[in-house]
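If you want the building blocks of each chain, they are given just below.
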Amino acid sequence: MDRSTKAASLMTMIGRWILAGVFIYAGVVKAWDPAAFAKSIDSYRLLPYSSGVALALYLPWLEIAAGFGVLWHRVRLGALGSIFLLCLIFGSAIASAWIRDLDIGCGCFGGGAVGAAALRGSLLRSVMLGILAGALLWIEKPCGTKALPPDNGTLS
Amino acid sequence: MQPGTTNKTHLTFWIQGACQAGLILLVALVPAVLSGWMHPRRPSWSQDQSRVPEVEWTTIQQLHSRVLLIDARGSAEFEREHIPGALWLGTRPGDEEMVAVARAWQPGTRLVVYCDNPRCDAAQAGALRLERELGLKDVAVLKGGWSAWTEAQKLHR
């Protein structure tokens, strides 16, 4: 394996662990207090309240499952796709709150700062994570896997 | 590799991804359902139970009972200006702030929490915490918050 391939492999593994870590942590924090997360979703004023409650109960576990899925090669593709879509959805919701000048927090990691600056930071974070998920998804494509050696350093 | 084989490989790739995503979606459903059934902090399905009623400033002025105003804005805003007599709770109240409210409260007092404007949520969150953690019953949120109060002061001048 030449040095550039080793470096690419290492970067990919680090990227997977970062993405998995962030989503597992975010999911655990929200699964701990779904009532607070339901209030956060309601504060976006995008969904009927009962839909927000259903989402508050389901979304944290989806994040946890997708986070672990990134680390297991058998479901990595689906996990990366799920995370990419989640980043798109979260980013859109945060952007809409920012545009409507709502004085709320993201709710992405439980409580946190509120206001336009906090929403901007959360939006940037969603975009960066979406880009990371997209890049890792691109690497998984059939023509993209030729440059990388078989899976290493992750759950198998 | 033949073009047809490449297209088939890509199609298989996306189908495989969709199936894996579907599996993840299903796996997440199990703990989610259990959470909705058994979690000690599961949310209420009824919105009325999770929102404190709002009250207009004019109504508060007409109340004969005691009113304790609670400021749920940031400390900088509170230091700069606040409704006279208001107690600071903050956007993320800690034990110290909650204890201060508990000490200031007397039986027969109505707590009215306010934040910056109609778009903020800190007043609702603070009011719910006061209800749940201190066991206080007569808690409301000032409709329109600090903005509504300043507008009312301008009208009276």
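Residues numbered from 1 in each chain as written. Chains lettered and ligands numbered in written order. Predicted model: local features only at pLDDT ≥ 70, side-chain atom pairs only at ≥ 80, totals over all residues. Heavy atoms only, no water.

On to the overall build of chain A, then. Helix and strand counts for chain A come out as 5 helices and 0 strands. Ordered by position from N to C terminus, the α and β elements of chain A give α-α-α-α-α. Each of the 156 residues in chain A was classed as buried or not, and the buried ones make up 49%. For chain A, long-range pairs separated by at least 24 residues make up 70% of all intrachain contacts whose partners lie at least 6 apart in sequence. (Helix = DSSP H or I, 4+ residues; strand = E, 2+ residues; numbered from the N terminus. Buried < 20%, exposed > 50% of the residue type's maximum accessible area, 1.4 Å probe, protein only. Contact = heavy atoms within 4.5 Å.)

Before going further, it helps to spend a moment on the overall build of chain B. Across its full length, chain B holds 7 helices and 5 strands. Each helix and strand of chain B, ordered N terminal to C terminal, gives the series α-α-β-α-β-α-β-α-β-α-β-α. Considering chain B as a whole, with its 157 residues, one finds that 36% of them fall into the buried category. Taking the intrachain contacts of chain B between residues at least 6 apart in sequence as the baseline, contacts between residues at least 24 apart amount to 67%. Just so you have it, chain B exposes about 9600 Å², and 56% of that area is on carbon and sulfur atoms. (Areas by Shrake-Rupley, 256 points an atom, 1.4 Å probe, with all protein chains shown as cover.)

Residue and element names in this part refer to chain B. If you walk through the whole model with that rule in mind, you get 1 disulfide over all chains. Note that C115 is cross-linked by a disulfide to C120, the S-S spacing being 1.7 Å. With the S-S dihedral at roughly 90°, the linkage between C115 and C120 falls on the right-handed side. The exposure class of C120 is buried, given its relative accessible area of 8%. (Disulfide = S-S within 2.5 Å.)

Residues and elements named next belong to chain A. Per-residue confidence for chain A gives a mean pLDDT of 85, with 87% of residues at or over 70. Within chain A, the element-level pLDDT minimum falls on helix α2 (residues 34-43), averaging 86, and the maximum on helix α3 (residues 49-71), averaging 95. Counting interchain partners and residues more than four positions distant, the pLDDT-below-50 stretch residues 144-150 has 13 contacts. (pLDDT = per-residue confidence, 0-100.)

Before going further, it helps to spend a moment on the confidence of the model for chain B. The predicted model of chain B has a mean per-residue pLDDT of 86, with 91% of residues at 70 or higher. This prediction of the complex comes with two scores: 0.68 for pTM and 0.83 for ipTM.

In total, this model carries 8 salt bridges over all chains according to the counting rule given. Where B:K143 meets B:E56, a salt bridge forms, and the shortest distance between an N and an O atom there is 3.7 Å. Here B:K143, found in the loop between β5 (139-142) and α7 (145-156), pairs with B:E56, found in the loop between β1 (54-55) and α3 (57-62); they are 87 residues apart in sequence, far enough to count as distant. Given the relative accessible area of 41%, B:K143 is considered partly exposed. Taking the relative accessible area as the measure of exposure, B:E56 reaches 41% and is therefore partly exposed. Across the salt bridge formed by B:R129 and B:E133, the nearest N and O atoms sit 2.8 Å from each other. Note that B:R129 and B:E133 are positioned in helix α6 (residues 122-134) at a spacing of 4 residues, about one turn of the helix. Taking the relative accessible area as the measure of exposure, B:R129 reaches 26% and is therefore partly exposed. Through salt bridges with shared partners, a single network forms among A:R16, A:R76 and A:E140. (Salt bridge = Lys/Arg side-chain N within 4 Å of Asp/Glu carboxyl O.)

For the rest of this paragraph, the subject is the pairing of strand β2 (residues 66-71) of chain B. Sheet analysis places β2(B) next to strand β4 (residues 109-114) of chain B, joined by 6 bridges and oriented parallel. The residue of β4(B) that forms the bridge with B:L69 is B:V112. (Pairing = 2+ DSSP bridges.)

Another aspect to go through is the sheet that holds strand β3 (residues 87-88) of chain B. Residue and element names in this part refer to chain B. The 5 strands lie next to each other as β1-β5-β4-β2-β3, forming an open sheet whose pairing is parallel. What marks the edges here is a single partner per strand, and that holds for β1 and β3. Of the strand pairs in this sheet, β1 and β5 are connected by 2 bridges, and their pairing is parallel. For V55, the partnering residue across the bridge sits in β5 and is L142.

What follows deals with a nonpolar patch on the surface. Residues and elements named next belong to chain A. The grouping of L10, M11, I14 and I18 at the surface amounts to a nonpolar patch, some 390 Å² of accessible area in total. Examined against the element boundaries, I14 turns out to sit in helix α1 (residues 3-32). I14 gets classed as partly exposed once you look at its relative accessible area, which sits at 40%. (Patch = residues over 30% accessible without salt bridge, like charges linked within 9 Å, V, L, I, M, F, W, Y side chains within 5 Å.)

Quick look at the nonpolar core now. Within the largest apolar cluster, 34 residues are counted, with the highest numbers of intra-cluster contacts made by A:L19, A:F23, A:L62, A:I83 and B:I24. Sorting the residues of this core by element identifies α1, α2, α3, α4 (76-99) and α5 (116-140) of chain A together with α1 (3-38) of chain B as the ones contributing at least two each. Filtering out sequence-adjacent residues up to four positions away, A:L19 remains in contact with A:L80, A:I83, A:L129, A:L132, A:A133 and A:L136. One finds B:I70, B:L89, B:V101 and B:L128 within the second-largest nonpolar core, a separate group that totals 19 residues. (Core = buried A, V, L, I, M, F, W, Y, C linked by side-chain atoms within 4.5 Å.)

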